[in-house]
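Chain and residue survey
One-letter residues, chain by chain:
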Amino acid sequence: MKKTLLILFALLCSLVTFPQKIKTMIITGQDGSHWWKGGSEAIKMILDNSNLFSVDILTTPARGESMESYRPDFRKYNLVVFNYGGETLVEAVRKDFEQFVANGGGVVIIHSSIIPMENWPEYNMMAGLGAWNGRNEKDGPYVYWKNDRWVYDYSPGWAGYHGLQHPFTVVHRDTLHPITRGLPPVWEHFKDELYARLRGPAMNMTMLATAYETASDGVGRDEPVLWTVNYGKGRVFVSVLGHAGNDPELRYSMECAGFQVTLLRGSEWAATGKVTQDVPYDFPSKDIISLRRSFTPPKLRMEN
Ligand code: ZN
C-alpha cells in the first residue's frame, strides 16, 4: 500500500509542471562611453525581479586584452542580452552564437550595443540597424517613419547621432505586436540619450516604436527606438533606450517603467515568442513619466 502511494505521489509530481525561468546571459564589458557594469546590474535586477528570468552576467576581458578566453556556452541559455560596447567576439564564439540564434535562441540588444562589432555581418543582420564606427550607405538604408509608413532611405551619408540627454515621447507604430499590445501607444520616457540616423541591413524587421529627433544637419525625423528582427528560427528584440552614464547615479534612463516593461516584454518574446505579462498600472502615459527606481515591478495597486 505504502509503495502504491509512493508511486502515485511520484506520478502526480511528474504531472505538475512548474514554470521554468528563462535562462538568460548578459554579455557585457569594455564600453568606454557607458557605465556598462552598473547598466548590466540594473538589467539583471529588472529581469530577475520579474521572476520570469534567471540571469548570469558574463563580463568580457578588459579592452586590449585577448578575447580568446571569452567562451560563453550558449547551449545553457534561452536568451542572450547584449549590453556591450567592445571588441568583436572571436570566430568560434561568433559561429556558436549564429547557430544558437538560427536554431531559435532569443536575443536582446540594448542601446549602445548596436554600435560595436560592425565587422561581424551576422550580428548586424540580427541588430537590423547600427550606428557610428564608420557605418554609412555600404551598411544599408536609414529607416524612419514618415507620412504613416516606414521609409527605407538608401541615400549616402553617415550613421549615428545623439544630442544632449532629454526626456522624449515614444510612439508605438505597431500596437498589435505581443510586445506592445495593450500598452499605452504614446508615452513619455525619462531623460535618455536618443540615437538617430541609424542604418543597417534592415532585413526581416518589425518596427515597433519611434521617437522624434533633430540631428546635427537640422533635419528631424521619427526615428526607430524599439524593433524586432527574425533571424532563422531566432527572435531579436532591440531597444535603443537605456543609456547608463559613467557613475552609479547615472542609470536613471533605465529607471523608467517604460524602459523596464518594454525590456521585460521584449525579452520574454525573444525567448519564447509570446508575452504572458499583464499591462502594469504604472506604465507611463502621454503626460506622466513613471519610474521604478528599485528596478522592481510594483506588487499591488494598494501598496503604492
Ligand atoms: Zn549612451
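None of these values were measured; they are calculated from a predicted model.

**Observations regarding the overall build of the protein chain**
The helix and strand tally for the protein chain stands at five helices and 13 strands. By the compact-globule yardstick of 19 Å for 304 residues, the protein chain fits well, its C-alpha radius of gyration being 20 Å. If you line up the protein chain on its principal axes, its C-alpha atoms span 80 × 50 × 35 Å. Within the span of the protein chain, comprising 304 residues, buried residues form 52% of the whole. Partitioning the intrachain contacts of the protein chain with sequence separation of at least 6 by distance along the chain shows that 68% fall at a separation of at least 24. With 32 positive and 33 negative side-chain charges, the protein chain shows a separation of 8 Å between the mean positions of the two kinds.

**Digging into the coordination of the zinc ion**
Within the protein, His34 (NE2), His111 (NE2), Glu193 (OE) and His243 (ND1) serve as the donor atoms for the zinc ion, at 2.0 to 2.1 Å. The site at the zinc ion holds four donor atoms, and with the angles between them running 97 to 141°, its shape is irregular. Within one chain, the residues donating to the zinc ion are spaced in sequence as H-x76-H-x81-E-x49-H. Taken together, the residues His111 in the loop between strand S4 (106–110) and helix H4 (121–127) and Glu193 in the loop between strand S9 (186–192) and strand S10 (195–196) connect sequence positions 82 residues apart. Note on accessibility: His111 and Glu193 belong to one class, buried.

**Looking at helix H2 (residues 36–48)**
The terminal C-alpha atoms of H2, which comprises 13 residues, lie 18 Å apart, in line with the 18 Å expected from a rise of 1.5 Å per residue. The complete set of buried residues in H2 reads Gly38, Gly39, Ser40, Ala42, Ile43, Ile46 and Leu47. On its buried face, H2 is in contact with strand S1 (22–29), strand S2 (53–59), strand S3 (79–84), S4 and helix H5 (257–272).

**Considering unusual backbone geometry**
Even without being glycine, Gln30 reaches a positive phi, approximately 65°. Mapped onto the elements of the fold, Gln30 is located in the loop between S1 and H2. The exposure class of Gln30 is buried, given its relative accessible area of 7%. At Phe295, a residue that is not glycine, the phi angle is positive and equals roughly 60°. Summarising the element assignment, Phe295 is placed in the segment after H5.

**Quick word on the pattern of salt bridges**
Think of it this way: side chains of opposite charge can pair up when their charged atoms draw near. Per the counting criterion, the structure on display carries 12 salt bridges. Linking Asp48 and Lys44 is a salt bridge whose minimum nitrogen-to-oxygen distance equals 2.8 Å. Of this pair, Asp48 and Lys44 both sit in helix H2, four residues apart, which is roughly one turn of that helix. The closest approach of N and O atoms between Asp139 and Lys138, which form a salt bridge, is 2.9 Å. Salt bridges sharing partners connect three or more residues here, namely Arg197, Asp217 and Glu223.

**As for the environment of Phe190**
Within the element layout of this structure, Phe190 appears in strand S9. By relative accessible area, which is 24% here, Phe190 ends up partly exposed. Through-space distance from the C-alpha of Phe190 to that of Ile289 is 6.2 Å; in sequence the pair is 99 residues apart.

**Some remarks on the pairing of S3**
Of all six residues in S3, six are buried; the element is thus mostly enclosed. Of the two faces of S3, both are covered, the one formed by Leu79, Val81 and Asn83 as well as the one formed by Val80, Phe82 and Tyr84. Of the pairings in the sheet, the one linking S1 to S3 comprises six bridges and is parallel in character. Within S3, the position partnered with Thr24 by the bridge is Leu79. Of the strand pairs in this sheet, S3 and S4 are connected by four bridges, and their pairing is parallel. What sits directly across from Val80, in S4, is Val107. Between the parallel pair S3 and S4, the chain is carried across by helix H3 (residues 91–102), and the sense of this crossover is right-handed.

**Topic: the packing of aromatic side chains**
A full pass over the atoms with the stated rule returns 11 aromatic pairs. Seen in terms of ring centroids, Trp132 and Tyr195 are 5.0 Å apart; in terms of plane orientation they differ by 80°. Their pairing is edge-to-face. Separated by 63 residues along the polypeptide, Trp132 in the loop between H4 and strand S5 (142–146) and Tyr195 in strand S10 bring together distant segments of the chain. When its relative accessible area of 24% is taken as the criterion, Trp132 is described as partly exposed. Among the residues examined, Tyr195 registers a relative accessible area of 1% and is labelled buried.

Thresholds applied
- Residues numbered from 1 in each chain as written.
- Predicted model: local features only at pLDDT ≥ 70, side-chain atom pairs only at ≥ 80, totals over all residues.
- Heavy atoms only, no water.
- Helix = DSSP H or I, 4+ residues; strand = E, 2+ residues; numbered from the N terminus.
- Rg over C-alpha atoms; globule rule 2.2 N^0.38 Å.
- Buried < 20%, exposed > 50% of the residue type's maximum accessible area, 1.4 Å probe, protein only.
- Contact = heavy atoms within 4.5 Å.
- Lys, Arg positive; Asp, Glu negative; His and termini not counted.
- Charge placed at Lys NZ, Arg CZ, Asp CG, Glu CD.
- Donors = N, O, S within 2.8 Å, 3.2 Å for Na, K, Ca; no water.
- Tetrahedral: all angles 85-135°; square planar, octahedral: opposite > 155°, others 65-115°.
- Expected span 1.5 Å × (residues − 1).
- Salt bridge = Lys/Arg side-chain N within 4 Å of Asp/Glu carboxyl O.
- Pairing = 2+ DSSP bridges.
- Right-handed = clockwise from strand over helix to strand, strands pointing away.
- Phe/Tyr/Trp six-rings, centres within 6.5 Å; stacked < 30°, edge-to-face > 60°.

What is shown is where atoms sit, not what they do.
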